[in-house]
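Listed below are the residues making up each chain.
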Amino acid sequence: RGNGEIASMLRRDFFTDAALLPAAPWLGGAAPARPTIAVGTATASGTAVTVTPTGDAPRWWVIRYRAGNDWTTRVAVGSERTITLPSGRVDWVVVNGISPAGATSEDAVWRAGAT
């Protein structure tokens, strides 16, 4: 197969989710500080998660969320401040900042009903 057909098939059928490279501590740099998060009320269009970096923005955000019994992971660019999760009852959200070298911040956690 030529003309990018294999690459298209891999993207479509096998590599449908974003992924991060493993940490490369030899590249140096500190882990980002733990971000702060605010989770909005679920609507028909989804649930908005507002992420605020503490200090410099990380390269990426890793957003893990639970709806019912299912956990899902998303990767977003560190310049994003609002990430909309698909509609559904989101009851846990965990966000980490990731440095360019792959160092991970501490978890920022939100849980429905927690004070």
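Bear in mind that the values here come from a model prediction, so they are computed numbers and not experimental data.

Reading the values: rules and limits
- Residues numbered from 1 in each chain as written.
- Predicted model: local features only at pLDDT ≥ 70, side-chain atom pairs only at ≥ 80, totals over all residues.
- Heavy atoms only, no water.
- Pairing = 2+ DSSP bridges.
- Helix = DSSP H or I, 4+ residues; strand = E, 2+ residues; numbered from the N terminus.
- Axes fitted to C-alpha atoms, helices over the stretch in contact; angles between N-to-C directions.
- Phe/Tyr/Trp six-rings, centres within 6.5 Å; stacked < 30°, edge-to-face > 60°.
- Buried < 20%, exposed > 50% of the residue type's maximum accessible area, 1.4 Å probe, protein only.
- Lys NZ or Arg CZ within 6 Å of the ring centre and 35° of its normal.
- Polar contact = N/O pair within 3.5 Å; in protein donor to acceptor, adjacent residues only side chain to side chain.
- Contact = heavy atoms within 4.5 Å.

The strand order across the open sheet formed by three strands is 1-2-5, and the pairing between neighbours is antiparallel. Each of the sheet's edge strands pairs with one partner strand only, and the pair in question is strand 1 (36-39) and strand 5 (82-85). Neighbour to neighbour, the strand axes of the sheet diverge by 25° on average, direction disregarded. Pairing analysis gives four bridges linking strand 1 to strand 2 (residues 47-52), with the strands arranged antiparallel. When the sheet's bridge partners are listed, Thr36 is paired in strand 2 with Thr52.

Turning to the packing of aromatic side chains, a few remarks are in order. Here the structure, examined in full by the defined rule, presents one aromatic pair. With a centroid separation of 6.3 Å and 50° between ring planes, the pair formed by Trp71 and Trp92 is classed as tilted. Taken as a pair, Trp71 in strand 4 (residues 70-77) and Trp92 in strand 6 (residues 90-98) lie far apart in primary sequence, 21 residues in all. Judged by relative accessible area, Trp92 falls into the partly exposed class, the value being 24%. Sitting over the face of the ring of Trp60, Arg59 holds its NZ or CZ atom 5.6 Å from the ring centroid.

Attention now moves to the side chain of Asp91. With respect to the helices, strands and loops of the structure, Asp91 is situated in strand 6. Among the polar contacts made by the side chain of Asp91, one reaches the side chain of Arg89 at a distance of 3.4 Å. In contact with Asp91, other than residues within four places in its own chain, are Arg66, Ala67, Gly68, Trp110, Arg111 and Ala112.

Turning next to the sheet that holds strand 7 (residues 108-111). A sheet is described by the order of its strands in space; here four strands give the open sequence 4-3-6-7, paired in antiparallel fashion. Both edges of this open sheet fall to strand 4 and strand 7, since each of them pairs with a single strand only. Neighbouring strand axes in the sheet, compared pairwise and without regard to direction, differ in orientation by 15° on average. In this sheet, strand 6 lies alongside strand 3 (residues 60-67) in antiparallel orientation, the contact comprising eight bridges. Bridge pairing links Tyr65 to Val93 in strand 6.

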